Amino acid sequence: MTGAAGTTPGTPRVLRAMNDRAALDLLLEHGPLSRTRIGKLTGLSKPTASQLLARLEAAGLVVATGVTEGRPGPNAQLYAVNARAAYAAGLDVTPRRIRAAVADVTGAVAGEFDLATPQRPAGDAVRQVTEALDGAVKAAGITRAEVHRLVIGTPGAFDPSTGRLRYASHLPGWHSPTLLDELAAALPMPVEYENDVNLVAVAEQRLGAARGHTDFVLLWNEEGLGAALVLGGRLHRGFTGGAGEVGFLPVPGTPLVRQVAKAGSGGFQELAGAQVLPRLAREYGIEDVPRGGRGERGEHAEVAAALLARAAAAPDAGPHHRLLDAYATGLATGLASLVAVLDPELVVLSGEVIVAGGEALRARVQAELGELAASRPRLVIGGVQRNPVLRGALESALAATRDEVFDTSRRS
């Protein structure tokens, strides 16, 4: 059995590559380190650590950044990952806009670009993607050829058996059976596609509230309800990519919807989607209910978030608190089904609508779920609240890019 690049596991070349990768990961985690510190963290001798750093510097993967200061003894040279060693890109696609970003190999965002897409002709997805990507590339001051990998996040998911987008009828121009082939022909780098809520879970697992957790559910609520399922540390996508499409979930308190794919919605969306908040507010006699506005993911999310933020800030029990109670019950009703099947360690609540309710909403959902479900996972508000879909796309693209670029066993 052979290892990378035809080498045998345990040979000096493979062992050197393993040490190289360990050192690079430490530099990503801790920032600039001295040769002595790298040696201590990796368990390598000073001569071996020196050889490692010289090798990585010659390969363009690390750079000298300065010297230690303020410590007894002579100053020591510090080394850091060369941010320009590679770039990765991510796209967050919605019906109204495409948000693109480019990050260097350290994870720092080098350029961002927003492309408005309302009223665009159907079938124009390829041009939209390339235009958004090129905008972020230009903002980063690099060329498209320098991007090693692109991850695109969309509502729904591309069915692996057909290559067609499912569960996202509201995304015009993205349902052509030849779309993936057309994008592959237009873009010079490897391209991956992932459900937007799954990417939020990636961001939370690597940077946010789910760090250190291998079994969790993420419940997302903006223009639509969705969930991501992480089991054993890995995303569970399902046979057609539809795992987590909980907006279609039949729940008590709403009519049973048949042929939900044609209807575009199901019970849980009608019970706890953003669009129910104005109705609940009026039922409880709340005045000045917002009636419009165009948030990034639609007017429903913007109005719902405003209502929940006001309710969470209300000082006394009254109609605002009754609104929170009712909405928390709706969210907990759907979550109870997920918890009964999956028994997760943690539930992360994310998305503009839920986050607006803050701790006041989270605590109510936790209490309701404790009465509706046999197991009682801990509920937390998501920690990645700025562009979480885009951040997840970048993290996914960076992981694959680092595996490729940091593999020194493939270098001569």
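Residues numbered from 1 in each chain as written. Predicted model: local features only at pLDDT ≥ 70, side-chain atom pairs only at ≥ 80, totals over all residues. Heavy atoms only, no water.

Re the overall build of the chain
So the rule is basically this: Each helix is a run of DSSP H or I of at least 4 residues and each strand a run of E of at least 2, with the numbering of both proceeding from the N terminus. Only the C-alpha atoms count toward the radius of gyration. The rule for a globule is 2.2 Å times the residue count to the power 0.38. In this analysis, two residues are considered to be in contact whenever any of their non-hydrogen atoms come within 4.5 Å of each other. Only the protein chains shown count as cover for residues, and all accessible areas are computed by the Shrake-Rupley method using a 1.4 Å probe. The charged-residue count follows a simple rule in which Lys and Arg add positive charge and Asp and Glu add negative charge, with His and chain termini not counted at all. For this purpose, a charge sits on NZ of Lys, CZ of Arg, CG of Asp or CD of Glu.
For the chain, the count of helices and strands is 13 helices and 15 strands. For 412 residues, the compact-globule estimate of 2.2 N^0.38 gives 22 Å, and the C-alpha radius of gyration of the chain, at 24 Å, lies within 12% of that figure. Overall, the C-alpha framework of the chain stretches about 75 × 50 × 40 Å when taken along its three principal axes. Of all intrachain contacts in the chain linking residues separated by at least 6 positions in sequence, the fraction that spans at least 24 positions is 61%. In the structure as shown, the chain presents an accessible area of about 18,700 Å², 52% of it carried by carbon and sulfur atoms. Each charge class in the chain was averaged separately, 42 positive and 43 negative side chains, and the resulting centres sit 5 Å apart.

Description of the sheet that holds strand E6 (residues 109–116)
Quick note on the threshold: Strands qualify as paired when DSSP identifies two bridges or more between them. The axes are straight lines fitted to the C-alpha atoms, using for helices just the contacting stretch, and the angles between their N-to-C directions are given from 0 to 180°.
Strand order in the open sheet formed by five strands is E6-E5-E4-E7-E10, with mixed pairing between adjacent strands. Only two strands of the sheet have a single neighbouring strand rather than two, namely E6 and strand E10 (191–195). On average, adjacent strands in this sheet sit at an angle of 15° to one another, irrespective of strand direction. For strand E4 (residues 87–93) and strand E5 (residues 97–104), the ladder comprises seven bridges, and the chain directions are antiparallel. Residue pairing in the sheet places Leu91 in a bridge with Ala100 of E5. The sheet strands contacting helix H6 (residues 196–207) are strand E7 (147–154) and E10, and the helix crosses E10 at an angle near 95°.

A closer look at the nonpolar core
Which entries qualify depends on this criterion: We call a set of buried residues a nonpolar core when its members are Ala, Val, Leu, Ile, Met, Phe, Trp, Tyr or Cys and they connect through side-chain atoms within 4.5 Å of each other. The classification of residues rests on relative accessible area computed with a 1.4 Å probe and restricted to protein chains. Under 20% of the type maximum is buried, over 50% is exposed, and intermediate values are partly exposed.
Ranked by internal contacts, the top residues of the largest apolar core, which has 42 residues, are Leu219, Tyr327, Leu331, Leu335 and Leu361. Those elements giving two or more residues to this core turn out to be strand E11 (216–221), strand E12 (225–231), helix H8 (267–272), helix H9 (276–283), helix H10 (299–313), helix H11 (319–342), strand E14 (346–350) and helix H12 (352–372). Sorting elements by how many residues they give to this core places H11 first, with 10 residues. In terms of nonpolar packing, the next biggest core, distinct from the first, is built from 29 residues, Val93, Ala140, Ile152 and Leu183 among them.

A word on unusual backbone geometry
Although it is not a glycine, Asp288 sits at a positive phi angle of roughly 55°. Despite not being glycine, Asp343 has its phi angle at roughly 50°, a positive value. Inspection of the secondary structure assignment puts Asp343 in the loop between H11 and E14.

Here we look at the pattern of salt bridges
As a reminder of what qualifies: Throughout this description, the term salt bridge denotes a Lys or Arg side-chain nitrogen within 4 Å of a carboxyl oxygen of Asp or Glu.
Enumeration according to the criterion identifies 16 salt bridges in this entry. Note that Arg21 is salt-bridged to Asp403, the shortest N-O span being 3.0 Å. A residue pair is termed long-range when its members are at least 10 positions apart, and Arg21 in helix H1 (residues 12–30) and Asp403 in helix H13 (residues 388–405) qualify at 382 residues. Relative accessible area serves as the criterion here: at 23%, Arg21 is assigned to the partly exposed category. A salt bridge links Arg166 to Asp159; the shortest N-O distance between them is 3.3 Å.

Details of a positive patch on the surface
To keep it simple, the criterion reads: Residues form patches when they are more than 30% accessible in relative terms and have no salt bridge. Like charges link within 9 Å. Nonpolar side chains (Val, Leu, Ile, Met, Phe, Trp, Tyr) link within 5 Å.
Taken together, the side chains of Arg35, Arg37, Lys40 and Lys46 present a region of like positive charge at the surface. It is helix H2 (residues 35–42) that contributes the most residues to the positive patch, three residues altogether. Following the sequence through the fold, Lys46 ends up in helix H3 (residues 46–58).

Focus on the sheet that holds E11
The strand order E13-E12-E11-E14-E15 describes an open sheet built from five strands, whose pairing is mixed. Only two strands of the sheet have a single partner each, and these edge strands are strand E13 (234–235) and strand E15 (378–381). Here E11 runs beside E14; their pairing, made up of five bridges, is parallel. Following the sheet pairing, Trp220 is matched in E14 by Ser350. Together, E11, E12, E14 and E15 form the strand contacts of H11, whose direction differs from that of E11 by roughly 150°.

Things to note about the confidence of the model for the chain
Heads up, the condition is: For every residue, the predictor states its confidence as a pLDDT score lying anywhere from 0 to 100.
Mean pLDDT over the chain: 90, with 91% of residues reaching 70 or higher. Counting interchain partners and residues more than four positions distant, the pLDDT-below-50 stretch residues 1–5 has 10 contacts. Predicted confidence is poor over residues 293–297, with pLDDT under 50, and the contacts of this stretch with residues over four places away or in other chains come to 19 contacts.

Describing H13
Stated formally: Expected helix span is computed as 1.5 Å times (number of residues minus one).
The end-to-end C-alpha distance of H13 is 25 Å, a good match for the 26 Å that 18 residues give at a rise of 1.5 Å each. Among the 18 residues that make up H13, 14 are buried, leaving the element largely enclosed by the rest of the structure.

A word on the side chain of His213
The residue His213 is located in the loop between H6 and E11 in this model. Here His213 falls in the buried class, since its relative accessible area comes to 13%. Sequence-distant contacts of His213, defined by excluding residues within four places in its chain, comprise Gln205, Glu345, Leu346 and Arg378.

A look at the pairing of E4
The two faces of a sheet get side chains in turn, since along a regular strand they alternate between them. E4 sits mainly inside the fold: seven of its seven residues count as buried. Both faces of E4 are covered, namely the face carrying Tyr87, Ala89, Leu91 and Val93 and the face carrying Ala88, Gly90 and Asp92. The hairpin formed by E4 and E5 contains three residues between the paired strands. Both E4 and E7 contribute to a ladder of six bridges, which runs parallel. Pairing of Asp92 across the sheet is with Gly153, part of E7.

What about the pairing of E7?
Burial of E7 is extensive: seven of the eight residues sit out of reach of the surface. Bridge count for E7 against E10 is five bridges, and the pairing is parallel. Following the sheet pairing, Gly153 is matched in E10 by Glu194.

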